[in-house]
Amino acid sequence: MDILEVAKEEYNKFVINPFSKFETVNFTELNKHKVEDIKYFIFDNGKKRFGFICGIKNGILKAPFSSTYGIFSEITENNRIEYYHEAVEALIEYSKNNGIEAIYIGTPALCYSPSLITKFQNALINKGFQIESYDVNFEYYTKNFDENYLAGIARNARKNYNTALRNELKFEKTNDVKSVYEIIKINREFRGFPLHMSLEDVVKTAEIIPSDYFMVKDKEDRGCASALIHHLKENIVRVVYWGNTPESEELRPINFLSYNIFKYYKEQNISLIDIGTSTVDGEPNWGLCDFKESIGCSCSPKINWILKLK
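Residues numbered from 1 in each chain as written. Predicted model: local features only at pLDDT ≥ 70, side-chain atom pairs only at ≥ 80, totals over all residues. Heavy atoms only, no water.

(A) Broad picture of the nonpolar core. Phe43, Phe52, Leu61, Phe72, Ile103, Tyr112 and Phe129 are the most contacted members of the largest nonpolar core, which totals 41 residues. For this core, the secondary structure elements donating two or more residues are strand S2 (37-44), strand S3 (48-57), strand S4 (60-63), helix H3 (81-97), strand S6 (102-106), helix H4 (114-126) and strand S15 (298-308). It is H3 that provides the largest number of residues to this core, a total of 8 residues. Setting aside anything within four residues of it in sequence, one finds Tyr112 in contact with Phe19, Tyr69, Ile117, Leu232, Lys233, Ile236, Arg238 and Asp274. Judged by nonpolar contacts, the second largest core, of 34 residues, contains Val239, Trp242, Phe256 and Tyr264. (Core = buried A, V, L, I, M, F, W, Y, C linked by side-chain atoms within 4.5 Å. Buried < 20%, exposed > 50% of the residue type's maximum accessible area, 1.4 Å probe, protein only. Helix = DSSP H or I, 4+ residues; strand = E, 2+ residues; numbered from the N terminus. Contact = heavy atoms within 4.5 Å.)

As structure tokens, then:
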């Protein structure tokens, strides 16, 4: 398998269907300032098989370097597992020959494409990559949302949703990006969680990745919870951020928000809602894990890999 370093224009010509919006040239170019160099690779064994985008910083070849995961994008269909092995081996040889000290790859949660990701991960581990961290991702399958949803979730989650109804909360899809972002910012600061995107980042990213914004308002028409969601693949959306204001906690708006988001995307024929990881470097946040399971989410592994070359 040959590894070809190409210009972004050539990469775009061959990689017609990237794995997701994170693996596009436009998204990469928007975030290229976060690394020292960008590499666009094509893997070819007589037929062009895969595309792969990565960044280089401090001697480390990284995918992702700005999003939550990185992976090969298939150019041809029905690629055998041996092709993944050959491509990973070619990537390692390229890295050795170009002074790379380590390769870091954070693969997507398995729910995104079980067969493709399994082949890729098998190639990584067989070529010497080690697991740096084993994160737990939570996702909701909208096929499970029906008239029996409330009866099937945890008792406490159902109780919180009913509390929200008694408090006359309202759910809406909105274009008020600033207000949505402000609630998320307040929530992250209150809980001590990092906020990696500025308002400007959110707006610029939305020019590349289709984005939805949702708001929950109280009976006084004040925003008390919000969500920012990206459309990453044809039938998959990802919750980038969601949260509520500290003073609205007793209204239980987050359970109301999640219920209505599930309902909305069910009606939009979206099959999977990626709620994101509830681990940091593999260590679970027990409260977040319990909350996501309580509203009906299932989980799958999201594994981060590293190969040290020096």
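Additional details are given in the paragraphs that follow.
(B) Local environment of helix H10 (residues 286-294). What H10 keeps buried is the set Cys289, Phe291, Lys292 and Ser294. Looking at the buried side of H10, the elements it contacts are strand S7 (130-141), helix H6 (155-166), strand S11 (236-244), helix H9 (253-267), strand S12 (272-277) and strand S14 (283-284). Note on H10: the residue one or two positions beyond its end, Gly296, has a positive phi of about 105°.

(C) A look at the packing of H3 against H4. The interhelical angle for the contact between H3 and H4, taken along N-to-C directions, is 45°, at an axis separation of 8 Å. The angle between H3 and H4 places the two elements in the oblique class. In the crossing of H3 with H4, the sense of the turn from one axis to the other is right-handed. For the pair H3 and H4, contact is made by Ile81, Tyr84, His85 and Val88 and by Leu116, Lys119, Phe120, Asn122, Ala123, Leu124 and Asn126, respectively. Taken together, the residues that form the contact of H3 with H4 break down as 7 nonpolar, 3 polar and 1 charged. (Axes fitted to C-alpha atoms, helices over the stretch in contact; angles between N-to-C directions. Parallel < 35°, antiparallel > 145°, perpendicular 65-115°, else oblique. Left-handed = near helix turned anticlockwise from the far one by under 90°. Nonpolar A, V, L, I, M, F, W, Y, C, P; charged D, E, K, R; others polar.)

(D) Spatial organisation of the side chain of Lys292. If you trace the backbone, Lys292 turns up in helix H10. Buried within the structure, Lys292 lacks any salt-bridge partner; Asp274 is the closest side chain of opposite charge, at an N-O distance of 7.3 Å. A polar contact is formed between the side chain of Lys292 and the side chain of Ser278, at a distance of 2.9 Å. Not counting the four nearest positions on each side in its chain, Lys292 is found in contact with Phe138, Ile275, Gly276, Thr277, Ser278 and Cys297. (Lys, Arg positive; Asp, Glu negative; His and termini not counted. Salt bridge = Lys/Arg side-chain N within 4 Å of Asp/Glu carboxyl O. Polar contact = N/O pair within 3.5 Å; in protein donor to acceptor, adjacent residues only side chain to side chain.)

(E) Structural detail: the pairing of S11. With respect to burial, S11 is a largely interior element, 9 of its 9 residues being buried. As paired strands, strand S10 (residues 223-233) and S11 are joined by 8 bridges and run antiparallel to one another. Pairing of His231 across the sheet is with Val237, part of S11. The turn joining S10 and S11, which pair antiparallel and follow one another in sequence, is formed by 2 residues. In terms of strand pairing, S11 meets S12 through 3 bridges, oriented parallel. By the bridge assignment, Ile236 is partnered in S12 with Leu272. For the crossover that starts at S11, traverses H9 and ends in the parallel S12, the hand is right-handed. (Pairing = 2+ DSSP bridges. Right-handed = clockwise from strand over helix to strand, strands pointing away.)

(F) A look at unusual backbone geometry. Here the amide bond leading from Ala63 into Pro64 is cis, since omega sits at 10°, within 30 degrees of zero. On the secondary structure map, Pro64 appears in the loop between S4 and strand S5 (73-74). Positive phi is not limited to glycine here, since Asp221 has a value of about 70°. You can see Asp221 is positioned in the loop between strand S9 (211-217) and S10. Accessibility expressed as a relative area gives 46% for Asp221, which makes it partly exposed. With a phi close to 50°, Asp281 is a non-glycine residue in the positive phi region. Along the chain, Asp281 falls in the loop between strand S13 (279-280) and S14. Note on Asp281: relative accessible area 66%, which makes it exposed.

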